[in-house]
Amino acid sequence: MPRLIPTFKKNIRNQFVRMLWSIIILFTIIVGAFFIYTNVTNERLISEREAISEKEQLVQKMNESFNDIFFRARGYYAFKDKNELNILYDQMSVFEMELQKFGEMPLSSEENLLYEELNQFIVTYRNEILPKAVSYVEADNYEALRELSNSGANESVNSFIAYTKSYTTETDMVVNDHFNRTLDQIKFLTVLCIFLFIIVFIIIGIILKRVIQNLISPIEKLTTATDAFATGDYVDITPLKNKEDELGVLATSFYNMTRSIQEKEEVLTTQNEELMAQQDELQGNQEQLQQSLSHLQQYNELNHVLTFSLDKEKLIEDLHNYLRSIYEFDSSLMYLIDSGEFVSKGLAKETTERLIKHLEIDKIARLEEEKTFVICREVKSASNIANTTYNDYDLYTCILNSEKKLVAILMATREGRSFSSKELTDINGHMNQASIAFERIFMYEEVERSRKLNQTIIDTTNEGIQFVSKYGEVLLLNKALFNIIRYPFEEIDDKVPQQLWLKHFQKIAEESDELVYFLKIAIIEEFTNTRTMRYSIQQDGRSPVFVEVYATSVFEGDEKVGTMFVHRDITSEYEVDMMKSELVSTVSHELRTPLSSVLGFTELLLAKEIKPERQKKYIETIHKEAKRLTNLINDFLDIQRIESGQQVYSMNKISLTALIEDVLKNFQIDPQHNIRFVDESTNAIVSADEERIIQLLFNLIGNAIKFSPNGGEIIIRMQNINETVQVSIQDRGIGIPESAIPSLFQKFKRVDNSSRRKIGGTGLGLALSKEIISKHKGDIWLESEEGIGTTIFFTLPLYDQEIVENRNELSEEKTISNRTVMIVEDDLSLALLLSEELKSKGFTIIYHDDLKRAYDDAIQIPLVGIVIDLIMGENMDGWDLVEALRNHKNTKEIPIIISSALDKSSVNMDKYNVEEYFTKPYPPEELSTLLLKFVKDQ
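Residues numbered from 1 in each chain as written. Predicted model: local features only at pLDDT ≥ 70, side-chain atom pairs only at ≥ 80, totals over all residues. Heavy atoms only, no water.

### Quick word on the overall build of the protein
Looking only at helices and strands, the protein features 27 helices and 22 strands. Here the protein, with 938 residues, has 39% of them falling under the buried criterion. Within the protein, residue pairs in contact and separated by at least 24 positions form 63% of the contacts whose partners lie at least 6 positions apart. About 55,600 Å² of surface is accessible on the protein, with carbon and sulfur atoms providing 52% of the total. (Helix = DSSP H or I, 4+ residues; strand = E, 2+ residues; numbered from the N terminus. Buried < 20%, exposed > 50% of the residue type's maximum accessible area, 1.4 Å probe, protein only. Contact = heavy atoms within 4.5 Å. Areas by Shrake-Rupley, 256 points an atom, 1.4 Å probe, with all protein chains shown as cover.)

Shown next as structure tokens:
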């Protein structure tokens, strides 16, 4: 039967709806009236302000136009410029338009008067005054023009200008007045707004009072009555029963309900006790159900781990936690047999390790047979609280693999509580599930090991391997491919689409179109055999890489599943082929030239009668070309012995200083090149093969001369760097391009430019030099700038490094004598003796056995002293050099010391101001002491 909704004479909802609508309507009327009044007032003020501003701007424009009219008129009067007159007429038209706009505005009486005067003036000015003025100007009648100006036209102009100034002032006053009125209006509106809000608050207060009287007070009375009823007291709510609204009905119902409840209180009490008992029973069932749900959730989590986990340690941990939680072990241990990883609860670490290490063999054998068993132990201990005897139940169970071998063991203990057969069956089932999970993990690990082994085999292959599916996607590649083709994908986690990797090949390959076509054809299903092609990869700033790729189809049964591409770096093979070609070309060119000279001059000697002096010249040429041919052959043989490992080095203790000075004698006959040897080393004793070092020096110095075809200075500098002696050979020749430097020490490598092709060469010199230095455990490199020159460096380890260390500690004199001394001596042994003495005191030595070259260097290099031998050369002796030095402004103040076997000549010493004369033999210490004195006196 449907519940009837009662009707009320005075409905509370209707009362509050009426009050709410009354408030809304009243508030809307007040706010609407306030908004309309405010909007109308603001629009009126804005309109007035815009009218004043527009009128002021127009008056300013009229003023500017008026001034411009008379400015153009005066310009025309002064210069008779027709252009000024035309601009004047245009400006008058502008002024008339502005004046017309001014007349259309609402004007005051004063503004109307001004408008009529200006209208009359502009008409008079256009029709009468201006034509007269123009005619006076054209007739050069400036007297009449002045009378016309004084007739009243200027007064009108000045009057209008004065008016515009006063009008601007008056307009500013009007604007200020308008602003003040706006402020007053805002204040009024603010007060009005406050008044309206006060009225609204008063109305809301009245309404709230009625709400409290009609709703809150009755509800409070009902609440008091309810509390009293709850405590068993009686409260009279009869006054509320007389109300005709919902509260009155509610009070009546409440009164009737209390009477009914009191009458049936005993029945309700009995029913309530029964309900409480049922509630307790439901609570127990709910707790049991909650526990079952918790166990089910744990089992689901364990099942998920058993199904999907591939981590053995996590698997035994989760399994152990689940079993311990379900079966309430007091202490337990589960561990893996192979790795020894374990998880335990209720056991000390020492106890856990002892149980793992010393598990009885018999129990292990029993586990393999029975898989699960329980041992009952009687425990007698006075340390327990109850001081009684009880039984411990030790559970042993395990996880077996498919071969019935132990994988993991679980040991668990209950104190005083045995394991039921159902619990053992359930535990055994869980261990069987774990066995299946471990079997899956073992299979995965085996597959993963095989995969990694295959990937390792592929990655260790020198060839780049790339497997592409029949749909064009890259599925597999190895590290070698990354290095060869600079592949942008470091790892293949997913398939690489065909468009993406083909785009990379197209970007890097010189033969991009041919390569892409080759790759696409090899992928299609119809391609079933093998193809091969070569391509090159251009690298930024480096030599290109040459690659050979071959493609072969891969089948599963009769179905093609993809294509295997193998990319092989054949750069070395390509370079060897190029080297062989270059070797043939170089050998044919370099050998043919001297052979042609030998054969040509030999035929001349055999076929013709030639004068003896010309015969000698021809024979000398044949001998020179034969030596050149011998050197070329020796270079080729040296390269062959080096590559075959048959080159023998005989290491001996030698002085690099003596070796360089001895080699330089072979180059002193060259008049174009000034070769200077600067010795800054304190120790130049090395262990080396003398013949090979001489060959090295001939190669490097010869290159410096050969590649300085226009002559110039060649500086050979020797110094100690750390534990080595470093030699640098610097020329001012044609230089080497920066891009060619890295490959210069390769065999047959020559810089390809026109200037070097004219010079010729096999390209073996630097390769041989590098091999010689490498065998001596040194280093060789060069620095060069094209068009400026080249400096080549090489280092050799010192024979005895302690000599350098001892000489560094000899005396404080070395720290103040970092100066250069020139020794001019043709006796190499004495020159070496003096050099070693002076270098030990910190001097840098420049050695010469040629007086002319010594003079050329002396006038260019700052020297602390010059030591000169008197008996040198056929055309010039030592005194000639002394005289030349004293006559040059750069060397006349340098101290000169004579070192000679001749008797001392006091006359020449006084004449040339020679500081000292040493007669051979003499102790070298005297020379170093004297030079140190010169340094201190400076």
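### Looking at the confidence of the model for the protein
Low pLDDT marks stretches whose predicted atomic positions should not be read closely. When pLDDT is averaged along the protein, the result is 77; 77% of the residues meet or exceed 70. Between the elements of the protein, mean pLDDT differs from a low of 41, seen in helix α22 (residues 813-816), to a high of 93, seen in strand β15 (residues 724-730). Low pLDDT, under 50, characterises residues 805-817; the stretch is placed with 20 contacts to residues that sit more than four places away or in other chains. (pLDDT = per-residue confidence, 0-100.)

### A short note on the sheet that holds strand β21 (residues 896-900)
If you trace the 10 strands from one edge of the open sheet to the other, you get β16-β17-β15-β14-β12-β19-β18-β20-β21-β22, paired in mixed fashion. A single partner strand is all that each edge strand has here, and the edge strands are β16 (779-785) and β22 (916-919). Geometrically, the sheet is characterised by an average inter-axis angle of 20 degrees between neighbouring strands, direction not taken into account. Bridging between strand β20 (residues 865-868) and β21 involves 3 bridges; their strand directions are parallel. Counted as the bridge partner of V867 is I897 from β21. Most of the contacts of helix α20 (residues 765-775) go to β16, to which it runs at about 140 degrees, and overall it touches β16 and β17 (789-797). (Pairing = 2+ DSSP bridges. Axes fitted to C-alpha atoms, helices over the stretch in contact; angles between N-to-C directions.)

### So, the pairing of strand β19 (residues 844-848)
Taken residue by residue, a regular strand's side chains alternate between the two faces of the sheet. Within β19, 5 of the 5 residues are buried, which leaves it mostly tucked inside the rest of the structure. Of the two faces of β19, the one carrying T844, I846 and H848 and the one carrying I845 and Y847 are both buried. Pairing analysis gives 3 bridges linking strand β12 (residues 673-679) to β19, with the strands arranged antiparallel. Residue pairing in the sheet places D679 in a bridge with I845 of β19. Sheet topology places strand β18 (residues 820-824) next to β19; 5 bridges connect them, and they run parallel. From the neighbouring strand, T820 faces β19, where its bridge partner is T844. Of the crossover connections in this fold, the one passing from β18 over helix α23 (residues 828-840) to the parallel β19 is right-handed. (Right-handed = clockwise from strand over helix to strand, strands pointing away.)

### Considering the packing of helix α24 (residues 851-858) against helix α25 (residues 878-886)
Viewed as axis vectors pointing N to C, α24 and α25 meet at an angle of 20 degrees, and their least axial separation amounts to 10 Å. Considering the angle they form, α24 stands roughly parallel to α25. For α24 against α25, the interelement crossing comes out right-handed. Side by side, α24 and α25 meet where L851, A854, Y855 and A858 of the first sit next to G878, L881, A884 and L885 of the second. Grouping the amino acids of the contact of α24 with α25 by side-chain chemistry returns 7 nonpolar, 1 polar and no charged. (Parallel < 35°, antiparallel > 145°, perpendicular 65-115°, else oblique. Left-handed = near helix turned anticlockwise from the far one by under 90°. Nonpolar A, V, L, I, M, F, W, Y, C, P; charged D, E, K, R; others polar.)

### A look at the pairing of strand β1 (residues 331-336)
Burial analysis of β1 places 6 of its 6 residues in the buried class, which makes it a mostly covered element. Every second residue of β1 is oriented toward a common face, with S331, L333 and Y335 on one face and S332, M334 and L336 on the other, all of them buried. Judged from the 6 bridges that link them, β1 and strand β5 (residues 406-415) form a sheet pairing that is antiparallel. The partner of Y335 across the bridge, within β5, is I409.

### Things to note about the nonpolar core
In this structure, L656, I660, I693, I701, I716 and F794 are the most contacted members of the largest nonpolar core, which totals 40 residues. Setting aside chain neighbours within four positions, we find I693 in contact with L656, L659, A688, I772, H776 and L796. Residues I69, Y77, M105 and I122 belong to the second largest nonpolar core, which totals 29 residues. (Core = buried A, V, L, I, M, F, W, Y, C linked by side-chain atoms within 4.5 Å.)

### Quick look at the packing of helix α17 (residues 656-664) against helix α18 (residues 690-706)
Helix-helix packing is characterised by the crossing angle of the two axes and by the distance between the axes. Two elements in contact, α17 and α18, have axes whose closest approach is 10 Å; the angle formed by their N-to-C orientations is 50 degrees. As the angle between them shows, α17 and α18 are arranged oblique. The crossing of α17 and α18 is right-handed. Listed contacts from α18 to L656, L659, I660, V663 and L664 of α17 are E690, I693, I694, L697, F698 and I701.

### Here's the deal with unusual backbone geometry
Cis geometry is found at the peptide bond from K920 to P921, where omega equals -10 degrees. Along the chain, P921 turns up in the loop between β22 and α27 (924-937). At K371, a position not held by glycine, the phi torsion is positive, near 75 degrees. Among the structural elements, K371 can be located in the loop between α10 (361-370) and β3 (372-380). Residue K371 is classed as buried on the basis of its relative accessible area, which comes to 14%. Its identity is not glycine, yet N722 carries a phi of approximately 55 degrees, on the positive side. On the basis of relative accessible area, N722 is assigned to the exposed category, the value being 73%.

### Examining helix α8 (residues 312-327)
If you check α8, its first and last C-alpha atoms are 22 Å apart, about what 16 residues at 1.5 Å a residue would give, namely 22 Å. Of all the residues in α8, the buried ones are K312, L315, I316, D318, L319, H320, Y322, L323, I326 and Y327. (Expected span 1.5 Å × (residues − 1).)

### Description of the pattern of salt bridges
If the charged atoms of two oppositely charged side chains come close together, the side chains can form a pair. By the definition in use, this model includes 24 salt bridges. D394 serves as the salt-bridge partner of R377, at 2.4 Å between the closest nitrogen and oxygen. With R377 in strand β3 and D394 in strand β4 (residues 389-400), the pair connects residues that are 17 residues apart, well separated along the chain. Put simply, E328, D330 and R417 are held in one network by salt bridges that share partners. (Salt bridge = Lys/Arg side-chain N within 4 Å of Asp/Glu carboxyl O.)

### A closer look at the packing of aromatic side chains
For the structure on display, the rule yields 8 aromatic pairs. Taking 6.4 Å as the distance between ring centres and 25 degrees as the angle between the ring planes, the aromatic pair formed by Y327 and F329 counts as stacked. The exposure classification of Y327 matches that of F329, with both residues buried. Ring centres of W781 and F793 lie 5.2 Å apart, and the angle between their planes is 10 degrees; on these two criteria the pair is classed as stacked. Note that W781 is positioned in strand β16 and F793 in strand β17, a separation of 12 residues in sequence. (Phe/Tyr/Trp six-rings, centres within 6.5 Å; stacked < 30°, edge-to-face > 60°.)

### Considerations on the environment of L145
Summarising the element assignment, L145 is placed in helix α4 (residues 142-231). Taking the C-alpha atoms as reference, L145 lies 8.9 Å from Y77; in sequence the two are 68 residues apart.

### Section: the side chain of E837
By secondary structure assignment, the location of E837 is in helix α23. Reaching out from E837, the side chain makes a polar contact with the side chain of K841 at a distance of 3.1 Å. Among all residues touching E837, those that are not within four sequence positions of it are P924, E925 and S928. (Polar contact = N/O pair within 3.5 Å; in protein donor to acceptor, adjacent residues only side chain to side chain.)

### With respect to a nonpolar patch on the surface
Taken together, the side chains of V17, L20, W21, I24, I25 and I29 present a nonpolar region at the surface, about 580 Å² in accessible area. With respect to the element layout, I24 can be found in helix α1 (residues 12-79). Overall, the relative accessible area of 37% leaves I24 in the partly exposed class. (Patch = residues over 30% accessible without salt bridge, like charges linked within 9 Å, V, L, I, M, F, W, Y side chains within 5 Å.)

### Concerning the sheet that holds strand β2 (residues 342-345)
An order of β2-β1-β5-β4-β3 is seen for the 5 strands of this open sheet, with the pairing classed as antiparallel. Of all strands in the sheet, those with a lone pairing partner are β2 and β3, marking the two edges. Shown here is a sheet whose adjacent strand axes are inclined to one another by a mean of 10 degrees, direction ignored. Relative to β5, β4 is paired through 9 bridges, and the arrangement is antiparallel.

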